[in-house]
Amino acid sequence: MWTSLVNFVKRGLAKIGLIKELNSLKEHKKMQYDEEAYSRIMRAKEIYSTLVPDWHNVTFYTSARMAKQRTMKRLGMGKVVANEMASLIFNEKVQISVSTKGTQQDAPDVAKDYVKEVLDGNNFYEQFQRYLEYAYALGGMAVKVYSHKGKVKLSYADAGSFIPLSFDNGRIDEALFINEEQKNGKYYTLLEWNEWEDDVYVITNELYESDRADRLGVKVSLNTLYEGMDERTRILNLRRPMFVYFKPNTANNVDLHSPLGISLYENSHDVLWGIDYLYDVFVNEFKLGQRRIAVDASMIKPIPTFDGEHELRFDPEETVFTALGLGSEQGVTDLSVDLRTDDIVSGINALLELLAMQTGFSSGTFTFDGKSVKTATEIVSENSKTYRTKNSHEILVEKGIQDLITTIIDVARMIGAYKGVADIEVKVDFDDSIAESRDDNYKYYSSAFKDGLMPSVEAIMRIFKLTQKEAEDWHQRINGSNDTSDEALDMLGIGATQVGDE
């Protein structure tokens, strides 16, 4: 009751000008808002959603010079590009390995089990792949770690809901998260400020209410929507921020000083428009090129009208025949024209080649066969552009996941949900099956060990994609087993005497 009364008074004061009503975030006193950057994000979001109004809503004129509006047919390649890259990099085959540094061999490694519990409980694999696709489409995304009822939870923000406040060497240290909600005819915006005050991490929450979706509105009590939420929370003993920012590993050539990433197709707008334009022509080619047969008007059967007269009329559903004054000597004339579909398909494929080149894919990745767009990433050679681009993006994804798990451990220790050590090692085993043969890797690293060019632990790490701690455990277990030790070591090309000599 008290909250509703306070909000009512604030709305009234705003209407008479005693309390300032904010039109947008850039009017907030704490805000350093880069309007151009977020205009680019909104344009990238339109492309991803496959409808860009000023591209696809077109005006045309009929033969009677009547202006009409229509929406172009679209291939939606922005969505295809982002989805293809995200699924190549992160899918159900990716494995995340966690081990604690310096843990004794006989001590339980609780970090691995706890992190798995948190990731599984937050449906991480599915959610992360979805938001990674958003990141490649819009230029970035963030994962936030928080606690709720004694458990560690993860939440996600796309590029349009995340604003950096400070950064150092490209690493974002402070940020604003924006959450929008509609309830009872009102529009609410929750601003969550994540900032550092010396070594103390401070989270500040503000809730704004407006009658219009395009305005931030008046600051109201948090209890209006979020009962019990604290306006200000101070957190000690964090090693890093409680969020991780992910972006494509491609240089921001639009703003060289911004920590924000850019969409994979930021530099492909003209090509994307051209693809949709040609696809629209392709679809309309069948409509405009449908068969037309002209017959002399005298050949049409008269139909009685309501006033007792007769007029020449076709079946109202008939689209093939057209009555013209041809003259009886001309009879029936076929007015159909040849379709140009082959030429149009060739034009679309030429633009798809340009799009692949601009977004980091190999030539021939995308092709249009007249029915749909086909992708050719099932088999990718290790020296192909797609494979190199994939590996490049994986560098930032792996670093981000390592930071995320570090933050999960910190928050879990803070709330008492995890009592193990904080010093952990994280390794991400990406799915390289599109270009990498496990058998070839096995032979390669085993040979390197046999020739004395690689330690056995390193060979185990690379063959089986393990962390160093896990590989050392395997090494000790193989060396310490009895009847099967020689056989197991021989499978790796590692003799028992060689292990002991290391």
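Note that the structure is predicted; figures quoted are calculated from it, not measured. (Residues numbered from 1 in each chain as written. Predicted model: local features only at pLDDT ≥ 70, side-chain atom pairs only at ≥ 80, totals over all residues. Heavy atoms only, no water.)

## Some points on the pairing of strand S7 (residues 171-183)
So, point 1. Here six bridges tie strand S6 (residues 162-168) to S7, and the two strands are oriented antiparallel to one another. Looking at the pairing, Pro164 lines up with Ala175 of S7.
So, point 2. What sits between the antiparallel neighbours S6 and S7 is a turn of two residues, in which Asn169 has the positive phi angle 55 degrees.
So, point 3. Relative to strand S8 (residues 186-197), S7 is paired through nine bridges, and the arrangement is antiparallel. For Leu176, the partnering residue across the bridge sits in S8 and is Trp193.
So, point 4. Hairpin connection from S7 to S8: two residues lie between these consecutive antiparallel strands, with Asn184 at a positive phi of about 50 degrees. (Pairing = 2+ DSSP bridges. Helix = DSSP H or I, 4+ residues; strand = E, 2+ residues; numbered from the N terminus.)

## Section: the packing of aromatic side chains
Two aromatic rings, taken as a pair, are described by how far apart their centres are and by the angle between their planes.
So, point 1. Considering all chains together, one arrives at 20 aromatic pairs under this definition.
So, point 2. A centroid spacing of 5.1 Å and a plane angle of 25 degrees characterise the contact between Phe124 and Phe128, whose relative ring orientation is stacked. Residue Phe124 and its partner Phe128 are both found in helix H6 (residues 124-138); the two are separated by four residues, about one turn of the helix. By the burial criterion, Phe124 is buried, and Phe128 matches it.
So, point 3. Their ring planes at 20 degrees and their centres at 6.4 Å tell us that Tyr279 and Phe282 sit as a pair that is stacked. Highlighted residues: Tyr279 and Phe282, both in helix H7 (residues 269-288), separated by three residues, approximately one helical turn. For the pair Tyr279 and Phe282, one class covers both residues: buried.
So, point 4. Clustering of aromatic rings is evident, with ring pairs tying together Phe90, Phe124, Tyr125, Phe128 and Phe246.
So, point 5. Its guanidinium or amino end placed over the ring of Phe177, Lys144 lies 4.9 Å from that ring's centre, counting from NZ or CZ. (Phe/Tyr/Trp six-rings, centres within 6.5 Å; stacked < 30°, edge-to-face > 60°. Buried < 20%, exposed > 50% of the residue type's maximum accessible area, 1.4 Å probe, protein only. Lys NZ or Arg CZ within 6 Å of the ring centre and 35° of its normal.)

## Digging into helix H9 (residues 385-415)
So, point 1. Between the first and last C-alpha of H9 there are 45 Å, a value that for 31 residues agrees with the 45 Å anticipated at 1.5 Å per step.
So, point 2. Following H9 by one or two positions, Gly416 adopts a phi angle in the positive range, close to 80 degrees. (Expected span 1.5 Å × (residues − 1).)

## Focus on the nonpolar core
So, point 1. Within the largest apolar cluster, 94 residues are counted, with the highest numbers of intra-cluster contacts made by Phe124, Phe128, Tyr136, Leu154, Ile401 and Ile408.
So, point 2. Contact partners of Ile401, with chain neighbours within four places excluded, come to Phe90, Ile96, Phe128, Phe246 and Val428.
So, point 3. Judged by nonpolar contacts, the second largest core, of seven residues, contains Tyr188, Leu190, Val220 and Leu225. (Core = buried A, V, L, I, M, F, W, Y, C linked by side-chain atoms within 4.5 Å. Contact = heavy atoms within 4.5 Å.)

## What about the environment of Tyr245?
So, point 1. Inspection of the secondary structure puts Tyr245 in strand S12 (residues 243-246).
So, point 2. Overall, the relative accessible area of 17% leaves Tyr245 in the buried class.
So, point 3. The spatial distance from the C-alpha of Tyr245 to the C-alpha of Ala175 is 9.7 Å, given a sequence separation of 70 residues.
So, point 4. If we skip the residues at most four places from it in the chain, Tyr245 touches Gly139, Gly140, Met141, Ala142, Phe162, Ile172, Pro259, Leu260 and Gly261.
So, point 5. Separated by 3.5 Å, the side chain of Tyr245 and the backbone oxygen of Gly139 make a polar contact.
So, point 6. A polar contact of 3.1 Å, which involves the side chain of Tyr245, links it to the backbone nitrogen of Gly261. (Polar contact = N/O pair within 3.5 Å; in protein donor to acceptor, adjacent residues only side chain to side chain.)

## As for the sheet that holds strand S5 (residues 151-158)
So, point 1. In spatial order, the strands read S5-S4-S12; together these three strands make up an open sheet with antiparallel pairing. Of all strands in the sheet, those with a lone pairing partner are S5 and S12, marking the two edges. The mean inter-strand angle of the sheet, taken between neighbouring strand axes irrespective of direction, is 20 degrees.
So, point 2. Across the face of the sheet, H6 comes into contact with strand S4 (141-148), S5 and S12 while running at roughly 25 degrees to S5.
So, point 3. H9 rests against S4, S5 and S12 of the sheet, and its axis sits at about 15 degrees to S4. (Axes fitted to C-alpha atoms, helices over the stretch in contact; angles between N-to-C directions.)

## Regarding the packing of helix H4 (residues 77-89) against helix H8 (residues 341-359)
So, point 1. At a closest axis distance of 12 Å, the pairing of H4 and H8 adopts a crossing angle of 45 degrees. When the interaxial angle is binned, H4 and H8 end up oblique. Every pair of crossing elements has a handedness; the one defined by H4 and H8 is right-handed. Contacts between H4 and H8 involve Met77, Val81 and Met85 from the first element and Leu352, Leu355 and Thr359 from the second. (Parallel < 35°, antiparallel > 145°, perpendicular 65-115°, else oblique. Left-handed = near helix turned anticlockwise from the far one by under 90°.)

## Side note on the pattern of salt bridges
So, point 1. According to the stated counting rule, one finds 15 salt bridges in the structure shown.
So, point 2. Among the salt bridges present, the one from Glu133 reaches Lys79, with a minimum N-O distance of 2.6 Å. Of this pair, Glu133 sits in helix H6 while Lys79 sits in helix H4, and the two are 54 residues apart along the sequence.
So, point 3. Residue classification places Lys79 among the partly exposed positions, given a relative accessible area of 34%.
So, point 4. In this structure, the salt-bridge partner of Arg212 is Asp214, at a minimum N-O distance of 2.8 Å.
So, point 5. Arg212 sits in the partly exposed class, given a relative accessible area of 38%.
So, point 6. In this structure Asp214 comes out as exposed when scored by relative accessible area, which is 52%.
So, point 7. Salt bridges sharing common partners tie together Arg43, Glu46 and Asp54. (Salt bridge = Lys/Arg side-chain N within 4 Å of Asp/Glu carboxyl O.)

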